Amino acid sequence: MLILGIETSCDETAAALVADGKTILSSVIAAQLDLLRKYGGVVPEVAARRHTELIGYVIQEALDKAGKHLADIEAVAVTAWQGLVGCLLVGVAAAKSLSYTQGVPLVGVHHIEGHIYANRLSHPEMPLPHVCLTVSGGHTMLLYVGGDGKYELLGTTLDDAAGEAFDKIAKFLGLGFPGGPVIDKLAGEGNRRAFAFPRPMLRAASYDFSFSGLKTAVINMFKEKVARGEALPLADIAASFQEAVAEVLVSKTLRAAAERGVTTVSVTGGVSANSRLRAAFEEACRRRGFKVFFPDLSLCTDNAAMIAAAGYAKIERGEISGLLLTALPNAPLPGQAGGIV
Ligand code: KG4
Ligand code: ZN
């Protein structure tokens, strides 16, 4: 089955063609980097307007790259839940029109379920059940994935998402946007033991996270150094901050896996591209006899291939949405109280 995936939940306008939920024929992503640099972050209304300008071209390019025509599409999957509502609406409207005019099924996908399927796309052999950590610019979620489409929320962030902390610190340090890749690169030249930043909620009984205090600690340390006229060891700051984030994420995820009796860990979302986080997970999982999976780098950040893959699984489960599909900025994952299907 050939599925057109559409993703517009934040600042990437993306379309992809995926066959049978497994084979990516094309994946096109137009990132609004010029706007991000101009405004220092995502401005929801501006991002939504840019989606309306780009969506038609992006879908056409996805078709061209795959050597397909609109008439070849057998279903349309779109991110409908979780994200900036104005942005989501653009993708949902485009998907509805295509579903209606082509006479093919329409399936709404929860953005986080899309990230989960990014790892299934990269590693079809990844076993179930497992524990999945989704870490991105908008989310930090620890889930128990009991089966296909069966999610149980174990913990989430109480304030900033992990990627948001990377972005805000990079912005404060004048390193640019998005902050994750810049900090990751800079940290490669730094000493991760140079500064002992706090490890928020590391020892808390719950699986929730908090990154706002860590972000403030980094920013305050930077301000103090500026006030004292001291040298600014940016690479050491970046490496030490990244280490604090990695330690908390790895420790809580592995504790959850052990408590739930699973030995497979899936890490997804933009921050799962982080080189230190990957190394720390690999190292800790090797010691514990666990297996950890990360998506291919091209599937870590927002893309439409993961939405098409999640959409295919939903179609297989009989979860078709129809033209009454509505975009929702906040929606629990399927399987949660009030969860969306
Ligand atoms: O998944 P994503 O594209 O969007 C959301 O769903 O939010 O994730 C974007 C986030 C940004 O915060 C970005 O800074 C972060 O992922 N990111 C990284 C890296 N690459 C992207 N964070 C840390 N290290 C990276 N290498
Ligand atoms: Zn995302």
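Residues numbered from 1 in each chain as written. Chains lettered and ligands numbered in written order. Predicted model: local features only at pLDDT ≥ 70, side-chain atom pairs only at ≥ 80, totals over all residues. Heavy atoms only, no water.

(A) The arrangement of the coordination of the zinc ion (ligand 2) in detail. Protein coordination of the zinc ion (ligand 2) is provided by His 111 (NE2), His 115 (NE2) and Asp 302 (OD), with donor distances spanning 2.0 Å. Around the zinc ion (ligand 2) sit four donor atoms, and with donor-metal-donor angles ranging over 96 to 134° the site reads as tetrahedral. Here the donor residues of the zinc ion (ligand 2) share one chain and are spaced in sequence as H-x3-H-x186-D. One end of the pair, His 111, is in helix H4 (residues 111–122); the other, Asp 302, is in the loop between strand S10 (291–293) and helix H10 (305–316), and 191 residues separate them in sequence. (Donors = N, O, S within 2.8 Å, 3.2 Å for Na, K, Ca; no water. Tetrahedral: all angles 85-135°; square planar, octahedral: opposite > 155°, others 65-115°. Helix = DSSP H or I, 4+ residues; strand = E, 2+ residues; numbered from the N terminus.)

(B) Geometry of the packing of aromatic side chains. Enumeration over the complete set of coordinates arrives at five aromatic pairs. For Arg 260, the ring lying beneath its charged end belongs to Tyr 144, and the centroid distance is 4.3 Å. (Phe/Tyr/Trp six-rings, centres within 6.5 Å; stacked < 30°, edge-to-face > 60°. Lys NZ or Arg CZ within 6 Å of the ring centre and 35° of its normal.)

(C) Up close: the packing of helix H2 (residues 44–66) against helix H3 (residues 85–102). At a minimum axis distance of 8 Å, the contact between H2 and H3 shows a crossing angle of 25°. The angle between H2 and H3 places the two elements in the roughly parallel class. Pair H2 / H3 crosses with right-handed handedness. Of H3, the residues touching H2 (which contributes Pro 44, Ala 47, Ala 48, His 51, Thr 52, Ile 55 and Ile 59) are Gly 86, Cys 87, Val 90, Ala 94 and Leu 98. Of the residues contributing to the contact of H2 with H3, the split by class is nine nonpolar, three polar and no charged. (Axes fitted to C-alpha atoms, helices over the stretch in contact; angles between N-to-C directions. Parallel < 35°, antiparallel > 145°, perpendicular 65-115°, else oblique. Left-handed = near helix turned anticlockwise from the far one by under 90°. Contact = heavy atoms within 4.5 Å. Nonpolar A, V, L, I, M, F, W, Y, C, P; charged D, E, K, R; others polar.)

(D) Molecular detail of helix H9 (residues 275–288). The end-to-end C-alpha separation of H9 is 20 Å, in line with the 20 Å expected for 14 residues at 1.5 Å each. Within H9, burial applies to Arg 276, Leu 277, Arg 278, Ala 280, Phe 281, Ala 284 and Cys 285. Here the buried face of H9 lies against strand S6 (130–135), helix H6 (179–187), helix H8 (234–260), strand S9 (264–268) and S10. A distance of 3.1 Å separates the backbone nitrogen of Arg 276 from a side-chain oxygen at the start of H9, and that oxygen is part of Asn 274. At the exit of H9 stands Gly 289, carrying a positive phi of roughly 75°. (Expected span 1.5 Å × (residues − 1). Buried < 20%, exposed > 50% of the residue type's maximum accessible area, 1.4 Å probe, protein only. Polar contact = N/O pair within 3.5 Å; in protein donor to acceptor, adjacent residues only side chain to side chain.)

(E) Examining the pattern of salt bridges more closely. Using the criterion set out here, one finds 21 salt bridges in the structure. A salt bridge links Glu 164 to Lys 168; the shortest N-O distance between them is 2.9 Å. Residue Glu 164 and its partner Lys 168 are both found in helix H5 (residues 162–172); the two are separated by four residues, about one turn of the helix. Taking the relative accessible area as the measure of exposure, Glu 164 reaches 23% and is therefore partly exposed. The network of salt bridges with common partners includes Glu 113, Arg 120, Asp 148, Arg 317 and Glu 319. (Salt bridge = Lys/Arg side-chain N within 4 Å of Asp/Glu carboxyl O.)

(F) Examining the sheet that holds strand S8 (residues 150–156) more closely. Strand order in the open sheet made by the five strands is S8-S7-S6-S9-S10, with mixed pairing throughout. Taken across any chain shown, the strands that pair with only one partner, and hence form the sheet edges, are S8 and S10. Strand-to-strand twist across the sheet, computed as the mean angle between neighbouring axes with direction ignored, equals 25°. As paired elements, S9 and S10 share three bridges and run parallel to each other. Looking at S10, one finds that Thr 264 is bridged to Lys 291. Packed on one face of the sheet, H4 meets S6, strand S7 (140–147), S8, S9 and S10 and runs near 120° to S9. Along the sheet, H8 contacts S6, S7, S8 and S9; its crossing angle with S6, the most-contacted strand, is approximately 155°. (Pairing = 2+ DSSP bridges.)

(G) Looking closely at the domain arrangement of the protein. Assigned domains within the protein: domain 1 (2–115 + 300–316) and domain 2 (127–295). Here domain 1 and domain 2 have C-alpha centroids that lie 27 Å from each other. Each partner contributes to the interface: domain 1 provides 14 residues, whereas domain 2 provides 17 residues. When domain 1 packs against domain 2, the two sides together hide about 1100 Å² of surface, and 69% of this comes from carbon and sulfur. (Domains from an automatic or database assignment. Buried area = accessible area lost by both parts, 1.4 Å probe.)

(H) How the structure looks around the packing of helix H7 (residues 212–227) against H8. Look at H7 against H8: their axes get within 11 Å of each other, and the N-to-C directions meet at 165°. Relative to H8, H7 is oriented roughly antiparallel. The element H7 and its partner H8 pack so that their crossing is right-handed. For the pair formed by H7 and H8, the contact residues are Leu 214, Val 218, Met 221 and Phe 222 on the first element and Leu 234, Ile 237, Phe 241, Ala 244 and Val 245 on the second. Class assignment for the residues of the contact of H7 with H8 results in nine nonpolar, no polar and no charged.

(I) Here's a closer look at the site of ligand 1. Around ligand 1 there are 20 residues in total, and Gly 137, Gly 138, Asp 167, Asp 184 and Asp 302 lie nearest to it. Here Asp 167 contributes a side-chain N or O atom positioned 2.7 Å from an oxygen atom of ligand 1. Between ligand 1 and Asn 274 there is a distance of 3.0 Å, counted from a nitrogen atom to a side-chain nitrogen or oxygen. Relative to its unbound accessible surface of 560 Å², ligand 1 loses 91% to contact with the protein. Partitioned by chemical class, the residues of the shell around ligand 1 number six nonpolar, eleven polar and three charged. (Near = heavy atom within 4 Å. Areas by Shrake-Rupley, 256 points an atom, 1.4 Å probe, with all protein chains shown as cover.)

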